[in-house]
Each structure stands twice: as structure tokens, then as C-alpha cells.
Amino acid sequence: MAASSNAEETQLQEMEEDAGMEREMESDEEEEGMGIENSDDEEDDSSEDEKENEAEIQRLEEQLSINAFDYNCHVDLIKLLRQEGELSRLRRARQKMSELFPLTEEIWLDWLNDESRLTEEEPNREKVYELFERAVKDYICPDIWLEYAQYSIGGMGSPGGIDKVRSIFERALTAVGLHMTKGATVWEAYREFENVMLSTVQPPPGKVPTREEQDLLNTQLERIHTLFRRQLAIPLMDMEATYAEYEEWSEKGVPETVAHQYKKALQQMEKSKPFEETLLVAEPPKLAEYQSYIDYEMKVGDPARIQIVFERALAENCLVPDMWEKYTTYLDRQLKIKDLVLSSHDRAVRNCPWTMGLWKSYLLALERHGAEHQTVSDIFEKALNAGFIQATDYVDIWQAYLDYLRRRVDFSKESSKELEELRAAFSRSLDYVKQDVEERFSESGDPSCTIMQIWARIEALHCNNMQKARELWDSIMTKGNAKYANMWLEYYNLERSYGDPIHCRKALHRAVQCTSDYPEHVCEVLLTFERVEGSLEDWDVAVQKTETRLNRLNEQRAKVAEKEANLLRQEEEKTEQRRRAKVEKKSQKKGQKGSRAGEKRKAEYDDYQKDWNEHSEQAPKRPRGDGDPGTEEYMETETGLYGRKTPAGQRPGPPGAKKAQQGAAATTQRQQDDKPELRDDNNSVFISNLAFTLEEPENKLRTLFEPCGPIQQVRPVFSNRGTFKGYCYVQFESKASVPEALKLDRREVEGRPMFVSPCVDKNTNPDFKVFKYKSSMEKHKIFISGLPFSCTKEQLDELCKDQGTIKDIRLVTYRSGKPKGLAYVEFANEAQASQAVLKLDGVVLEDNKISVAISNPPSRNQDKYGSGGSTAAMMPRQAFGAGRGRTQLSLLPRSLHRPGGSASKAENGTAAKAAPGTASAAVNAAGDTGFEAPAKRLSNSDFARMLLNK
């Protein structure tokens, strides 16, 4: 026995010496490397870099003193301090961050490696052991456990060192041994350690071992056999190689029971393998893949495997409250192991402190497992400082804590310490909601005064203190609840159960006077009460009060109904007025188009030109300088811009190239406008907010929208002068192309956002409005204000990407494309958006302090005219002098004018004489062509027929 122990000690000393030599060699290499780096830094003027780094460190420390919950600031500070070698400051920085947040695997490994190199002596090793214990509690990480076990091997020469190594390995197997992809590394490390220990107890070759040495040898061999058997019974990736290794190592072969367990585990591994392969190729955060894996393990029902899959999912999605809630709920209802349950709840609230539900579950778990009262109170105080995003969250956490305090009270005693603590907590909760919550959210979060109702019921039921209950209900009614019938009935039921008829009657009488939502129901309850409890006098008083109240209420309702009817009638009149104005305006435009078309066509015929000269003013012509009436020059008019042909012998003025292009485009537009049968609004989209200076809009828009589908036509809209008006219509061959085109809304075209909307006829639907963004709270989206005008989407993406998965970024601009300094950033879920609000609010970006909040835009008023808008906004444009155009001229030939009335009006002081063949001829022409002039509006084609027939 002594010989074997001596041999073991000798082997341990040799292992320690080897480990010491390796550490010395590593330290020498590091010193050499540091020397080379230092020399290079000196050549690059390292002093300036050190000054810059020190300034940056001070800036980060100041920022953390202002906002200690800035996660990224902590990470940057730790990196800089580690780079500068500031060990004491580095320790403090890591310590502060670990107190506020769970650290990631990378941060823990860097910290552990730094401390391991600095603490070689045994007393200091205990500090590193404590650090490892903290690390393994944050996340279930195989790499940290493996590092922990390997570090413990370095101290196995101390008393109890070997047992401690084995204890750490066993804990590691319990924590991560079931990890299907990484668990095998821990098993292999444990076996390797036991194989080394086997070599220490084996006798030298040729020596016959003693009985004690043989027992030690057999014990060590059995340990290794046991490790193989345990590992082969667990489904792990690449377990075939482990089985082959066991066959080679075991002298007696693989036992039948081990082979049977191996085959069973192999089958289970094959069933789980598709889920592992899916996780391997999936993109983060892999929530859907992990949820499918968890559902599968739930059906199988192995608690250990369910736990390890949950832990793996949380290691990659530690900021997802729903995942933590599912995990803690499973532990509370299924495993019910105190240490595991409470540690998981603690990790949940450290990762997602803004989620009230996790804190509430934590308080219940502490009470369920018999935690000390001080512990529960401390956790509740942390919850109040967690920074919830809604006022109702604070009310809910207060209710959970008050429920806990109420369950501690023994109401059989008239007074107790617990009862006084409960009353003090109720008073504090009301003050907290009134001061802190209302100041932060501008609302109490408890409009129905639920906390006060519960307090009043406890006082009445358990303490027989109706006086206190009535005081509380008086306070409830003064907070704006007196107009609600359900509040009065709740108070009445309390008095009915624990009070007396006198106070019941008083409550109902007050309810009849104050209730405004359901007064009939309150009156009925009062009459029913008097039927059961009251005298004749009480009955008469009740009937009189209820009748008076209901009569007054009916009068008020009649007045309100009359007022609403008047408003509705006014609104209908305004709507009809707007509709008529639009129809009139459209008809005027069509009339102008028809007159211009007729004027173009009659210019081609010399015979009609002579008659036109006799019966119309000479506005479009002017005499030459010699005054010869036979040689007249045509003036350029608005009609001429659209392609009017110059009569033979006349020389038109030389227009510019650009005007010619505009005229041709406008001609094309009018040709398309004259063919309404070719249009299809269902296949079209309306494009607006384009630049007036956009050149060749048809070609550019066709190129832009061709990826959406085959285009039938593009109709840009031009003014009378041929200039582009900034909007157009794009018609596709298929209706399926319209949704794709709508996706191009807000696309920037030459510095301006292009608006794309459905093509809707405003004559049939004048109030149609399109607004693609929501006007209600979107908890997965944040609103950022105070941005510099130079901010781009790329800068916002760089700013927000660390807070979660960004789905969309929208910079808010004016119609001209200039930025407003506002933006919306959409995240994958609510948790990421809430995290972004906590981390980014108040951040300085390019000397601008930005404000970040959950997106909650005000609701848009769809009908501005019906909500108190100005009268000017509701009147048609003609009321403000818009008229028929800039010239206020009618382009309809006078020969086609219809008689306007029985008496002709005077023009320029002379009476207009009716010439033969003018108005009457036009009417006759209309009759000859089969059209009845007074019954139907004439089109361009009708005017052309009349001119040709003339």
C-alpha cells in the first residue's frame, strides 16, 4: 500500500513538474511576444496610442457613471483595459458588468484565462475556483466546464485535489454531458484523466503487484469501464467512434448489456439527428428550430434532455423573454428542484430585466420553495428598479408582492407584525403608483384602483374594519370612477356582505346620481334593494329619485341625438359638395380638351378657316408689319404646343428642342386620354411626388417598374405648357404586378421619395386615402428622434444591430426628400425592441442626443373635413378663383357655342349679333349627325364630325 502511494505521489510530482515547465515555456513565449510587440509599438510611437486609449477609457467610464446599463460600453471598456494591461481596473470593470449582466462565453473565457495565468499559488487558486463557479451559473457552456476541469487538474497535487477534479468532472457531465454535439468532449477529457491516473497505479514491468496495488489497479480500471458504459448509454454525435474505442480498449470485449444500451442510444440519436442538422445550417437566432426540437423532446418526455435543449436555446437566445418563461414554467411544474428552479429564475430576470412576468414568476417560485422573507423582499426591490416599459407592469408586480405579504399574515390575531407590514406595503404601493409611475408614464397604470379595492376587501373580510374599507372606497370614487356603474355595484356588494343596510342605501343613492354609463341598471338595483329591505317611505324616495334621474338622462340623450343628427347631415352636405365640385371640375377639363381638339382639326381646312375668320375674333393671329391682311402670322398659343399644324404658307416660330419633346409627350398623353377603353384601374398604380424636372419620365418609370411585371402603358401627366406635373399612371398587363409595384413606395428617384398607391377613381370614392404604416402601438418597432440630418440607414443599422435582428429601417423625410431627423427601426420581436430602448435612449450620435421609444404614432384622422377642419379646406377650388385655368379663356369655337339664354349679353359695349351658321348651325349640325345637343355632352369625335360636315 505504501509503495503504491509513493509511486502515485512520484507520478503526480512528475506531472506537476511537466505542467510547471509548460507554463514557464508559455510565459517565456508570451514575454518574448510581448517584447516584440512592445518594440514594434515603440517604433510606431506607442505613447500617442496610449494617450488616446486612456482618453477613450476615461470617456467610457464617465458614460457608465451616467448609464450603468449600457452593455456595449461595458464591453468596449473591458477590451481597452485588457489591451492596455490595466489589471486592477480590468478586474473592477469585469466585476461591475457581471453584477448587472450575465456574461457571454467569450468574456468569461478571457477573464478566466487571465486570472488563471496570474494565480499559480494555491491560496489564489481558490479565487479562480470561485470565479469558475460564477461562470458556470450564467449559461450552460461545455467549453467553460471543460476549462474548469482542466484548471482543477493543475491543483490535484494538493490534499484532496484528485477528488476535487473528479467532483468537477462529474458536475460537468451532469450539466453538459447530454449536449449532443459538444458533450462528447467532456466525456473524453474525463476518460483521459482517468487513463493518466491508471498509469500511476500500474506496477512496473516484471514486478508482481501486491494485493493492495492490485485492488487499486482494479478500481481504476472499473472507473474507466464505467465511464465508457455511461457514455455509450447516452445519444451523442459520433458515438460509433466511442464504441469502437471501447472495443479496442477492453480486453474482455463489450458486454452484452452495454451493447444493448448502445444500440438503443444510437436509435435515439438517429431520431434527434435531423434536429441537430437543422440547427447546424440554420441562421441565428434559430428560435423556430429550437422550438421544434423542444416540442419533440417534450413528447419523448426525458426531463434531462428537455432541460439541456432549453439551455442550448437560451445560450443563443438569452434576450428572448418567451423562451425563459417557457423554461421556468416547465421547471416549476415538472422538475420542482429548488436549486435548479431558483437559479433559472435568477438567470431569467438578469437576462431580461424589463419583463415583468419573469419577476412575478420569480417571486412565486421563492415563496413556493420557502425562501426567507428578506430574500423575497430584496428580489421585489430589484424588480422595481428593473425599468419596465409599461405602467401596468408596476401595478402587476406590486399586486404579486402584496399577495405574498397577505399570505404571510395570521388574521386570527388582532394585530401582528406581518399585518402592519402588509398595511405599510399597501400605503407604499399607492404612493409609488401616484408619484413614480405617473411621473414617468403620465398615467397611473391602475385606473380602476385595483390595489385599493383589494385592500378594502381585506380590511372588511379579515380585519372587520369597515370604516377603513369605506375610506378607501371614498378615495376610489374621487379618482374619476364615480361615473361607472360597476364600481358602485362593487362597493354596494362589499357593504351588502360586510356592512349594514344604511350604508348600502347611501351607496345606491349616490350611484343613481353619479353613474353615467348604465344608470338604468343602478336604478333597478336600488328599487330591488328597497323591495327587500326598505319601508314605504324609502320606496317612495327611491322611485322619485330614479324617475327624476332617468327623465333628466332621457332629455340629455335626446339633445345629444339631435346634435349628432345635425352633424351627420352637415357632413353629408359637405361630402356631396365636395363630390359635385370634383365632378364639375372634371367636366370643365374635359370641355377644354374637347375645344382644343376641335380647334386643331379645323385648322387643316382652308374653307372652314375662311368662315372662322369671318365669325370669330382674331386673337390667335396678328398682322405683319406692312398691315397686309392677306399675309397673317399665327401666334403661338397653348393649343399650338400640342401639335397644331400651321396652315399652308405660314411659317411657325422655331420652338426649342425641349419644348418640342414636351409637346410630343403631351400629345401622346392626350391621345391616351381620348381612349378610356384602354385603361384598367385594377391593373394600374398611381405615381406621385416626382420631380417636375424629371426628364423622359415615361422611359425612366418604365425601366423602374419593369421588374414588377409586363407593362402595358405609362401615362405621365403634363400641364397645358407641356411641362411634367410630377405624377403619372403605370398600367400593367396583369393585376398580379400591382402588389409588386406597391412595394416600390417611397423609393428615392432623383433625390425625392416616389409615392406609389393604388389607382382609384376619386369620383366614385372621393374619400379614399392610403396610408401604408400603422397608427397604433407597435411593440417590435422603435421610434428614434433627434437624429442628425446626415444620418443614413447604414449608420442606424450599425447603431442598432447589437440589440437584435433588424427587419427594416425607415428614415422619415419631407415630400422633397429632405430628412426630418426621425426614423423607425423594426426588430424581430418585442424583447429586442425593448432592449434597444433601454440601451440607445440618450445616446449621442454626431453631437446629437437621440431619443428612443417604442413606436406609438398618433391615430390618423381619415376625414379631416368632418372633424372640425376649416371651411376653406372643404370648398371647391373655384371658390378661390382657380377657375378654368390661367387664361380664363374658353377654347370652344364660337360657331359651336349654344345659346346661353333668351337674351344675349353685351360684349365690349356692343350687342352681339347672331350670325347665320353659328350657334343655330351648330345645333343643326348636331341634329344632322344624330346627336341631340341638350341631352348629351359632345366629345372630341363629335366636334370633328361637325367640322368635317360643315
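Keep in mind that what you see is a predicted model, and the values were worked out from it rather than measured. (Residues numbered from 1 in each chain as written. Predicted model: local features only at pLDDT ≥ 70, side-chain atom pairs only at ≥ 80, totals over all residues. Heavy atoms only, no water.)

**Some points on the overall build of the chain**
Each helix and strand counted, the chain has 35 helices and 15 strands in total. The 950 residues of the chain split such that 39% are buried. Surface accessibility of the chain: about 54,000 Å² in total, with carbon and sulfur atoms responsible for 49%. (Helix = DSSP H or I, 4+ residues; strand = E, 2+ residues; numbered from the N terminus. Buried < 20%, exposed > 50% of the residue type's maximum accessible area, 1.4 Å probe, protein only. Areas by Shrake-Rupley, 256 points an atom, 1.4 Å probe, with all protein chains shown as cover.)

**Observations concerning the environment of Gln-803**
Position of Gln-803 relative to the elements: it lies in the loop between helix H31 (793-800) and strand S9 (806-813). Residue classification places Gln-803 among the buried residues on the basis of a relative accessible area of 4%. Note: C-alpha distance between Gln-803 and Ala-833 (30 residues apart in sequence) is 7.7 Å. In contact with Gln-803, other than residues within four places in its own chain, are Asn-72, Phe-827, Gln-832, Gln-835, Ala-836, Lys-839 and Leu-840. (Contact = heavy atoms within 4.5 Å.)

**Some remarks on helix H8 (residues 161-176)**
Helix length check: H8, at 16 residues, gives a terminal C-alpha distance of 22 Å against a target of 22 Å (1.5 Å per residue), a fit within 8%. Among all positions of H8, only Gly-161, Ile-162, Val-165, Arg-166, Ile-168, Phe-169, Ala-172, Leu-173 and Val-176 are buried. Buried residues of H8, seen end-on, are gathered within an arc of 160 degrees and therefore sit on one face of the element. In this structure, H8 carries Asp-163 and Thr-174 as exposed residues pointing more than 90 degrees from its buried face. (Expected span 1.5 Å × (residues − 1). Arc of directions from axis to C-beta.)

**Focus on the confidence of the model for the chain**
Confidence in the prediction of the chain, expressed as mean pLDDT, is 79, and 75% of residues score 70 or more. Contacts from residues 1-38, a stretch scored under 50 in pLDDT, to residues over four places away or in other chains number 18 contacts. Below pLDDT 50 for its whole length, residues 899-935 participates in 26 contacts with residues either more than four positions away or in separate chains. (pLDDT = per-residue confidence, 0-100.)

**Some words on the packing of helix H18 (residues 373-384) against helix H19 (residues 391-408)**
Relative orientation of the contacting elements H18 and H19 amounts to 170 degrees, with a least axis distance of 10 Å. The angle between H18 and H19 places the two elements in the roughly antiparallel class. Counting all contacts with H18, which are made through His-373, Val-376, Ser-377, Phe-380, Ala-383 and Leu-384, the residues of H19 involved are Tyr-394, Ile-397, Trp-398, Tyr-401, Tyr-404, Leu-405 and Arg-408. Of the residues belonging to the contact of H18 with H19, the class tally is 10 nonpolar, 2 polar and 1 charged. (Axes fitted to C-alpha atoms, helices over the stretch in contact; angles between N-to-C directions. Parallel < 35°, antiparallel > 145°, perpendicular 65-115°, else oblique. Nonpolar A, V, L, I, M, F, W, Y, C, P; charged D, E, K, R; others polar.)

**Focus: the side chain of Ser-855**
When you line up the elements, Ser-855 lands in strand S13 (residues 851-855). Apart from residues no more than four positions distant in its own chain, Ser-855 is found in contact with Ser-776, Met-777, Glu-778, Lys-781, Ile-782, Phe-783 and Tyr-824.

**What about the packing of helix H17 (residues 356-368) against H19?**
Direction vectors running N to C along H17 and H19 enclose 10 degrees, while the axes themselves pass 9 Å from each other. Taken together, the axis directions place H17 and H19 in an arrangement best described as roughly parallel. Across the interface between the two elements, Met-356, Trp-359, Lys-360, Leu-363, Leu-364 and Glu-367 from H17 touch Asp-393, Asp-396, Ile-397, Ala-400, Tyr-404 and Arg-407 from H19. Taken together, the residues of the contact of H17 with H19 break down into 7 nonpolar, no polar and 5 charged.

**Brief notes about the sheet that holds strand S10 (residues 819-827)**
Pairing within the open sheet is antiparallel, and its 4 strands lie in the order S9-S10-S8-S13. Both edges of this open sheet fall to S9 and S13, since each of them pairs with a single strand only. Each strand of the sheet is rotated relative to its neighbour by a mean of 25 degrees, with strand direction disregarded. Taken together, the 5 bridges between strand S8 (residues 778-785) and S13 define a ladder with antiparallel strand orientation. Its bridge partner lying in S13, Ile-784 is registered against Val-852. Along the sheet, H31 contacts S8, S9 and S10; its crossing angle with S9, the most-contacted strand, is approximately 135 degrees. Against the sheet, helix H32 (residues 830-840) touches S8, S10 and S13, its axis set at about 25 degrees to S8. (Pairing = 2+ DSSP bridges.)

**Description of the pattern of salt bridges**
In total, this model carries 42 salt bridges according to the counting rule given. For Arg-91, the salt bridge goes to Glu-115, with nearest N and O atoms at 2.9 Å. Here the residue Arg-91 occupies a position in helix H4 (residues 87-100), and Glu-115 occupies one in helix H5 (residues 105-118), the gap between them amounting to 24 residues. Accessibility expressed as a relative area gives 37% for Arg-91, which makes it partly exposed. According to the relative accessible area criterion, Glu-115 is buried, its value standing at 10%. Residues Glu-381 and Arg-428 are paired through a salt bridge, measuring 2.8 Å at the closest nitrogen-oxygen approach. Taken together, the positions of Glu-381 in helix H18 and Arg-428 in helix H20 (residues 417-441) put the pair 47 residues apart, joining distant regions of the chain. According to the relative accessible area criterion, Glu-381 is partly exposed, its value standing at 29%. Overlapping salt bridges bring together Arg-82, Arg-94, Asp-114 and Arg-117 as one network. (Salt bridge = Lys/Arg side-chain N within 4 Å of Asp/Glu carboxyl O.)

**With respect to the packing of aromatic side chains**
Per the stated rule, a full pass over the model turns up 31 aromatic pairs. Between Phe-169 and Tyr-190 the ring centres are 4.8 Å apart and the planes differ by 5 degrees, which places this aromatic pair in the stacked class. One end of the pair, Phe-169, is in helix H8; the other, Tyr-190, is in helix H9 (residues 183-201), with 21 residues separating them in the sequence. For the ring pair Tyr-492 and Phe-529, a centre distance of 6.2 Å and an interplane angle of 90 degrees mean the geometry is edge-to-face. With a gap of 37 residues between them, Tyr-492 in helix H23 (residues 485-498) and Phe-529 in helix H25 (residues 519-533) connect regions that are remote in the sequence. Here a set of aromatic residues connected by ring pairs shows up, and it is made of Phe-380, Phe-388, Tyr-394, Trp-398, Tyr-401, Tyr-404, Tyr-432 and Phe-441. In this structure, Arg-125 packs its charged tip against the face of Tyr-151, placed 4.1 Å from the ring centre. (Phe/Tyr/Trp six-rings, centres within 6.5 Å; stacked < 30°, edge-to-face > 60°. Lys NZ or Arg CZ within 6 Å of the ring centre and 35° of its normal.)

**A closer look at a negative patch on the surface**
On the surface, Glu-188, Asp-238, Glu-240, Glu-270 and Glu-277 cluster together to form a negatively charged patch. Among the secondary structure elements, Glu-277 is positioned in helix H12 (residues 256-281). For Glu-277, a relative accessible area of 43% puts it in the partly exposed group. (Patch = residues over 30% accessible without salt bridge, like charges linked within 9 Å, V, L, I, M, F, W, Y side chains within 5 Å. Lys, Arg positive; Asp, Glu negative; His and termini not counted. Charge placed at Lys NZ, Arg CZ, Asp CG, Glu CD.)

**Quick word on the side chain of Ser-834**
Here Ser-834 lies in helix H32. Ser-834 has contacts with Trp-354, Ile-389 and Ile-854, leaving out every residue within four places of it along the chain.

**Re unusual backbone geometry**
Put simply, Pro-284 and Pro-285 share a cis peptide bond, and its omega is 10 degrees. Its location among the elements puts Pro-285 in the loop between H12 and helix H13 (287-300). The backbone phi angle of Asn-464 is positive, close to 55 degrees, even though this residue is not glycine. Take Asn-464: it is sitting in the loop between helix H21 (450-461) and helix H22 (466-481).

**Examining the pairing of S8**
In terms of strand pairing, S8 meets S10 through 4 bridges, oriented antiparallel. Note that in S10 the partner of Ile-782 across the bridge is Val-825.

**Observations regarding the environment of Ile-784**
Along the chain, the position of Ile-784 falls in strand S8. On the basis of relative accessible area, Ile-784 is assigned to the buried category, the value being 0%. Along the backbone, Ile-784 and Leu-822 are 38 residues apart, and their C-alpha atoms lie at a distance of 5.7 Å. Residues within four places of Ile-784 in sequence aside, it is in contact with Leu-796, Cys-800, Gly-821, Leu-822, Ala-823, Val-825, Ile-850, Ser-851 and Val-852.

**What about the sheet that holds strand S3 (residues 684-688)?**
Spatially, S4-S5-S3-S7-S6 is the arrangement adopted by the 5 strands of the open sheet, whose pairing is antiparallel. The open sheet has two edge strands, strand S4 (711-718) and strand S6 (747-749), and neither has a second partner. This sheet shows a mean twist of 30 degrees between the axes of neighbouring strands, independent of strand direction. With 6 bridges joining them, S4 and strand S5 (residues 724-732) adopt antiparallel strand pairing. Looking at the pairing, Pro-716 lines up with Cys-728 of S5. Against the sheet, helix H29 (residues 697-705) engages S3, S4, S5, S6 and strand S7 (752-758), with an angle of about 140 degrees to S4.

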